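Chains, contacts and geometry: an overview
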Amino acid sequence: MGRDVRTDCRLMAGTGTTPTKTPGEVVWWDRNPLPGKESGLAETDVFYVGVAPPASLDPGLVEAVASVAARDVFGTRVILASKIPRIVGRYGSLQEAEAIAGKLRPLGLVAVVCGQTELCRPSPARFRGHTMKVGEGGITFWDRRGQSRLVEANSVLLVLRGTARTPVQTETAKTKTQLNLAATVVTGGIPITRKVVEKSSSESLKMEDFVRAFDRTSSEPVVEVFQNDFDYRCLGEKKGFSSQENINVIAGEFRRAFPGAVFDSRLTARFKADVPFATPEEETEINGKLIYLCLRAATPR
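Residues numbered from 1 in each chain as written. Predicted model: local features only at pLDDT ≥ 70, side-chain atom pairs only at ≥ 80, totals over all residues. Heavy atoms only, no water.

As for the pairing of strand S3 (residues 86–91)
When you tally the buried positions in S3, you get five out of six residues, the bulk of the element. Examined bridge by bridge, strand S2 (residues 47–51) and S3 share five bridges and lie antiparallel to one another. Its bridge partner lying in S3, Phe47 is registered against Tyr91. (Buried < 20%, exposed > 50% of the residue type's maximum accessible area, 1.4 Å probe, protein only. Helix = DSSP H or I, 4+ residues; strand = E, 2+ residues; numbered from the N terminus. Pairing = 2+ DSSP bridges.)

Regarding the nonpolar core
Counting residues in hydrophobic clusters, the biggest one holds 30 residues, and the most contacted among them are Leu119, Leu158, Leu160, Val275 and Ile286. Those elements that provide at least two residues to this core are strand S4 (111–115), helix H4 (116–120), strand S8 (158–179), strand S9 (193–214), strand S11 (262–267) and helix H7 (280–298). Among the elements that make up this core, the one with the highest residue count is H7 (eight residues). The next biggest cluster of nonpolar side chains, apart from the first, holds 23 residues, and it includes Phe230, Leu235, Ile247 and Phe258. (Core = buried A, V, L, I, M, F, W, Y, C linked by side-chain atoms within 4.5 Å.)

Digging into the pairing of strand S10 (residues 223–226)
Side chains Val223 and Val225 project from S10 onto one buried face, and the interleaved Glu224 and Phe226 project onto a second face that is buried too. Across four bridges, S9 lies against S10 in antiparallel orientation. Looking across to S10, one finds that Ala213 is bridged to Val223.

Examining the sheet that holds S2
Spatial ordering of the open sheet is given by S3-S2-S4, a layout of three strands whose pairing is antiparallel. Edge strands, defined here as strands with exactly one partner in the open sheet, are S3 and S4. Across this sheet, the average inter-strand angle for adjacent strands is 25°, counted without regard to direction. (Axes fitted to C-alpha atoms, helices over the stretch in contact; angles between N-to-C directions.)

A closer look at the environment of Ala69
One can find Ala69 in helix H1 (residues 59–69). Judged by relative accessible area, Ala69 falls into the buried class, the value being 10%. Linking Ala69 and Arg90, residues 21 residues apart in sequence, is a C-alpha distance of 9.4 Å. Residues within four places of Ala69 in sequence aside, it is in contact with Val88 and Tyr91. (Contact = heavy atoms within 4.5 Å.)

Here's the deal with H7
Taking 1.5 Å of rise per residue, the 19 residues of H7 would be expected to cover 27 Å, and the 27 Å separating its terminal C-alpha atoms lies within 8% of that figure. The buried count for H7 comes to 16 of 19 residues, which makes it a mostly enclosed element. (Expected span 1.5 Å × (residues − 1).)

As for the pattern of salt bridges
Per the counting criterion, the structure on display carries 19 salt bridges. Salt-bridge contacts for Arg128 lead to Asp229; the nearest nitrogen and oxygen are separated by 3.4 Å. Of this pair, Arg128 sits in the loop between H4 and strand S5 (131–135) while Asp229 sits in the loop between S10 and helix H6 (243–257), placing them 101 residues apart in sequence. The salt bridge partner of Asp209 is Arg161, with a shortest N-O separation of 3.1 Å. Of the two residues, Asp209 is situated in strand S9 and Arg161 in strand S8; the sequence distance between them amounts to 48 residues. (Salt bridge = Lys/Arg side-chain N within 4 Å of Asp/Glu carboxyl O.)

Observations concerning empty space enclosed by the protein
Considering all chains together, one arrives at two cavities of 30 Å³ or more under this definition. Of the voids in this model, the largest cavity is the one considered here, and its volume is about 60 Å³. Together, Thr163, Arg165, Leu267, Ala269, Arg270, Phe271, Pro280, Glu283, Thr284 and Asn287 line the largest cavity. Going through the elements one at a time, S8 and H7 are the ones with two or more residues in the lining of the largest cavity. The biggest single contributor to the lining of the largest cavity is H7, with four residues. Its residues assigned to classes, the lining of the largest cavity comprises four nonpolar, three polar and three charged. Quantified by volume, the second largest cavity comes out at close to 40 Å³. Lining the second largest cavity are Arg126, Arg212, Phe214, Ser219, Pro221, Thr284, Glu285, Gly288 and Lys289. Residue composition of the lining of the second largest cavity, grouped by class: two nonpolar, three polar and four charged. (1 Å grid on protein atoms, 1.4 Å probe; cavity = no way out; pocket = protein on both sides within 12 Å on 5 of 7 lines; lining within 4 Å. Points joined across faces, edges and corners; volume = space filled by probe spheres on them. Nonpolar A, V, L, I, M, F, W, Y, C, P; charged D, E, K, R; others polar.)

This is the structure in structure tokens:
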């Protein structure tokens, strides 16, 4: 079984390290780097410093982090007491963000730097499995186009179980009868009515569970499976009667096939993101990447 990070647990505090090629140059080994860049971080990006929740919340630690990040003590305590990694600061340059992260790590925190482009935008080339076959060496997935991908058992660092929340606009039309004053005057007071259509809209959240697997090479998952976009016939006798039952089976298959991975289900609950104007979809994306980046920084290779 893989290691389990449940909703009431925290990532172990430690000293996060950032892989570097030369001093000051961050290299994330991203599978989808920006054009012309060896790193997924662009110099013109906005940069965030994220930290994993510490194992204990010491008042001295809260004050020290508040001082480094130039935040108030109360707000800093709220961030450090969160159940998931949170952003402590937003900076205009990579060097400034790295300097802040470098001051937080000696305090015993796992601190990571991530550009807004990487943090908020999923890759258009993300691989979504539509069917799969479990083998001795891992799981082979096929997407809707028939392209296959083998995810080896010992290659996965994190299995992330979560719920995607997509805003859905619903428009309704209601027909009402109103008195037509102008026509009533013309007829000498005989009431004349007319039909008026009133339109209104409301927003709701469409919720759909997913399971994602990450290796060490990128904050993009090597594969993802969505509850309502998978052919569950491949499960054979394990196939249940509902998509919710079946996505639970998929999560179990991931845990068994990738025993060395950390299994994290915290994102089945909703957490706000510390990025201005983030949509519910972006919140899940941002928080998932922070969980991955902090885990990678805290886990020895």
